[in-house]
Number of protein chains: 2
Amino acid sequence: MVGRLAADNIERRSGVSLWRQIADKILHAIAIGDFTENAALPPEVTLAERYGVNRHTVRSAISALVREGVLRAEQGRGTFVLSRKRLSYPIGARTRFSTGLQGQTTERHIVLLASSVEPASQRVAEGLGLARGTDVIRLETRGEADGRPVSRAAGWFEARRFAGIDAAMAQTGSITASLARFGIDDYLRQSTVLSARHADAADLADLDLQPGAIVLVTVAVNVTPDGQPIQFSESRFPAERVELKLSAL
Amino acid sequence: MVGRLAADNIERRSGVSLWRQIADKILHAIAIGDFTENAALPPEVTLAERYGVNRHTVRSAISALVREGVLRAEQGRGTFVLSRKRLSYPIGARTRFSTGLQGQTTERHIVLLASSVEPASQRVAEGLGLARGTDVIRLETRGEADGRPVSRAAGWFEARRFAGIDAAMAQTGSITASLARFGIDDYLRQSTVLSARHADAADLADLDLQPGAIVLVTVAVNVTPDGQPIQFSESRFPAERVELKLSAL
DNA sequence: TATAGTTGTCTATATCAATAGACAAATTTA
DNA sequence: TAAATTTGTCTATTGATATAGACAACTATA
């Protein structure tokens, strides 16, 4: 059994090249587990027939995925799958980065990329229940699991109340631990809004993606158990590596 | 104020044509509310400068969106926004199609596209807690709001227990009402797994999308209040028209 | 009623995407 | 070892994408 790559479904003159569409299909098949790690892809000629395209077009798709580190091609043998199934990232009332991926990865951590103080934009102010323009601290972070980037997030905190949270984050590598230093032992996810779009240039660089990739975007507010907003965040997840599992709240 | 279309972020030789990327950016800007209905887009020359492309490339993007019914171009005057902000589709313990969109739309309904009886696949069987191969009824539906398709779903029900649910659905146009005929007055969302991918040919046709569009995909299990699985479903939402709002359970 | 600003159309050219065919190079199998 | 299978490379051709420039057509306004 060679995996279930959908029959045709290829759109011409769509603004998306055929090789990119085929690469997406292969990525998706791997992501949902149709190909296990090290499994062989069907030969190029077979794929070309299945999609109704020229063999060279299939080769373009494959070589893009080889560049991305998803496939490995071996002359005379075949083309093999390197990456694994998508990670399942839980989202619920007590969404935490590290605990959520336990069991699926051997190692995970958060890197603080940058931090700054800035006046709250309209949506940040709304989310945190502050006046627009109030000083807030922005933390830019990247989540990594087994060496692969799995999330890219910006978090905003009221500057007056959480002065120094950037330093705490740099030290501890954990939002939860950093908030604990400000007397916050527990917090809940109040709201999450979810959307998807093509990765932009920043996403491509931060998450090590190739052009044309899709990112899942969550915009969320975390509150203390008594309902006080403490964090507004926007996170981006590479759709080809991560799915979101909505857990009971 | 002309709206905040992101500065550049255009990727060349990415497999996605420049005009498609620019169309996506305009769609996104409209979707998040940067342009209100009837607002004028910046002139073509301005957009071309902003993205660092030729005016003709911008025109390709715009004409694609005109074909999609998102924009209206008027010679001598400008190009104007027709579509509105994204709908916000709530997902929670009591996710229901109709009630969820109340207040955002004046009209919404579900169309039954097709139904069939089939042996349960591995994942359907797992979701419903049945043996693989058990007969299940599949209902293919499309959700529409104010005349625009907003969702495309497949739902699976155990055939023995819910014999005739296809007729009920055709009559009532409501899953909730159909389940009521089988003595199910309440049901809860047990699990939801969320992902995103490019729309395939079926999605394009069913949801009236253009190639290159992105769909949000949810795979969910609904259960009775005492935890008995009754429905397994896979839904697809056009990311350019819908965002998902995860509500408290 | 000019004039400036905007979209629409045309021609020409260069580059990317896709097809077609042939054959080389490496690996596995009979 | 020979044959079959599979990936790698090359040449050539066609159509879609993107750039460039010029000017027409229409609208609003000074």
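Here, the structure is the one placed above.
No experiment lies behind these values; they were computed from the predicted model shown. (Residues numbered from 1 in each chain as written. Chains lettered and ligands numbered in written order. Predicted model: local features only at pLDDT ≥ 70, side-chain atom pairs only at ≥ 80, totals over all residues. Heavy atoms only, no water.)

A. Seen up close, the protein's contact with DNA strand D. Taken together, the neighbourhood of DNA strand D is formed by 26 residues, with Arg55(A), Leu18(B), Trp19(B), His56(B) and Thr57(B) sitting nearest. When the atoms of DNA strand D within 4 Å of the protein are grouped by moiety, sugar and phosphate amount to 61% of the total. At a separation of 3.4 Å, a phosphate oxygen of DNA strand D approaches a polar side-chain atom of Thr79(A). Asn54(B) places a main-chain nitrogen or oxygen 3.0 Å from a phosphate oxygen of DNA strand D. Broken down by secondary-structure element, the contributors of at least two residues to the surface near DNA strand D are α3 (55-68), β1 (71-74) and β2 (78-81) of chain A together with α1 (18-31) and α3 (55-68) of chain B. Residue composition of the surface near DNA strand D, by class: five nonpolar, twelve polar and nine charged. (Near = heavy atom within 4 Å. Polar contact = N/O pair within 3.5 Å; in protein donor to acceptor, adjacent residues only side chain to side chain. Helix = DSSP H or I, 4+ residues; strand = E, 2+ residues; numbered from the N terminus. Nonpolar A, V, L, I, M, F, W, Y, C, P; charged D, E, K, R; others polar.)

B. Broad picture of the interface of chain A and chain B. Opposite the 36 residues of chain A that make contact, chain B presents 37 residues. Of the roughly 3100 Å² buried between chain A and chain B, counting both surfaces, carbon and sulfur atoms make up 64%. Ranking the residues of chain A by area buried against chain B places Leu194(A), His198(A) and Leu246(A) at the top, with a combined share of 18%. Mapped by element, the contributors of at least two residues to the side of chain A that touches chain B are α1 (18-31), β7 (188-198), α8 (201-207), β8 (214-223) and β10 (242-246) of chain A. The element contributing the most residues to the side of chain A that touches chain B is β7(A), with eight residues. (Contact = heavy atoms within 4.5 Å. Buried area = accessible area lost by both parts, 1.4 Å probe.)

C. Highlighting the protein's contact with DNA strand C. Contacts to DNA strand C come from 25 residues, most closely from Arg12(A), Leu18(A), His56(A), Thr57(A) and Arg55(B). Backbone polar atom of Leu18(A) to a phosphate oxygen of DNA strand C: 2.4 Å apart, as the coordinates give it. At 3.2 Å from a base nitrogen of DNA strand C is found a main-chain nitrogen or oxygen belonging to Gly76(B). Of all the secondary-structure elements, those providing two or more residues to the surface near DNA strand C are α1 and α3 of chain A together with α3, β1 (71-74) and β2 (78-81) of chain B. Top element by residues in the surface near DNA strand C is α3(B). It accounts for three residues. For the surface near DNA strand C, the per-class residue count stands at five nonpolar, twelve polar and eight charged.

D. Quick look at the sheet that holds strand β6 (residues 148-158) of chain A. In space, the eight strands of this open sheet follow the order β4(A)-β5(A)-β6(A)-β9(A)-β8(A)-β7(A)-β10(B)-β3(B), with mixed pairing throughout. Sheet topology places β4 (108-119) of chain A together with β3 (87-91) of chain B at the edges, where each strand pairs with a single neighbour. Averaged over all neighbouring strand pairs, the angle between strand axes comes to 20°, with direction disregarded. One ladder, built from nine bridges, connects β8(A) with strand β9 (residues 229-238) of chain A; its direction is antiparallel. The residue of β9(A) that forms the bridge with Asn222(A) is Gln231(A). (Pairing = 2+ DSSP bridges. Axes fitted to C-alpha atoms, helices over the stretch in contact; angles between N-to-C directions.)

E. Just the relation of the copies chain A and chain B, in detail. Of the two same-sequence chains, chain A is brought onto chain B (RMSD 0.1 Å, axial shift 0.0 Å) by a rotation of 180°. Taken together, these values place the two copies in the relation of a two-fold axis. Ranked by how close their C-alpha atoms come to the rotation axis, the residues of chain A are headed by Val16(A), at 2.3 Å. Comparing interface residues between copies, 100% of those in chain A also sit at the interface in chain B, which points to an isologous, same-surface contact. (Least-squares fit on C-alpha atoms with pLDDT ≥ 70 in both.)

F. Just the packing of α1(B) against α3(B), in detail. Residues and elements named next belong to chain B. The N-to-C vectors of α1 and α3 enclose an angle of 55°; their axes lie 8 Å apart at closest approach. Here α1 lies oblique to α3, going by the angle between them. Relative to α3, the crossing made by α1 is right-handed. Contact residues: α1 offers Leu-18, Trp-19, Arg-20, Ile-22, Ala-23, Ile-26 and Leu-27, while α3 offers Thr-57, Ser-60, Ala-61, Ala-64, Leu-65 and Glu-68. Residue composition of the contact of α1 with α3, by class: nine nonpolar, two polar and two charged. (Parallel < 35°, antiparallel > 145°, perpendicular 65-115°, else oblique. Left-handed = near helix turned anticlockwise from the far one by under 90°.)

G. View of the pattern of salt bridges. Taken as a whole, this structure holds 34 salt bridges over all chains when the rule is applied. In this structure, the salt-bridge partner of Arg59(A) is Glu44(A), at a minimum N-O distance of 2.9 Å. Of this pair, Arg59(A) sits in helix α3 while Glu44(A) is found in helix α2 (residues 44-51), placing the two residues 15 residues apart along the sequence. A relative accessible area of 16% places Glu44(A) in the buried class. One salt bridge connects Arg72(B) with Glu74(B), and the closest N-O pair in it is separated by 2.9 Å. Its relative accessible area of 30% is what places Arg72(B) among the partly exposed residues. Classification of Glu74(B) by relative accessible area gives partly exposed; the value is 25%. (Salt bridge = Lys/Arg side-chain N within 4 Å of Asp/Glu carboxyl O. Buried < 20%, exposed > 50% of the residue type's maximum accessible area, 1.4 Å probe, protein only.)

H. Expanded view of helix α2 (residues 44-51) of chain B. Residue and element names in this part refer to chain B. Within the sequence span of α2, burial applies to Glu-44, Leu-47, Ala-48 and Tyr-51. Summarising the axial view, the buried residues of α2 lie within an arc of 100°, below the 170-degree limit, and thus occupy one face. Backbone geometry just after α2 places Gly-52 at a positive phi near 70°. (Arc of directions from axis to C-beta.)

I. Spatial organisation of helix α6 (residues 165-172) of chain A. All names here are of chain A. Here α6 has its buried residues at Ile-165, Ala-168 and Met-169. Down the axis of α6, the buried set is contained in an arc of 100°. They therefore lie on one face. Away from its buried face by more than 90 degrees, α6 exposes Ala-170 and Gln-171. Here the buried face of α6 lies against β4, β5 (135-145), β6 and α7 (175-180). After α6 finishes, the residue Gly-173 shows a positive phi value of roughly 70°.

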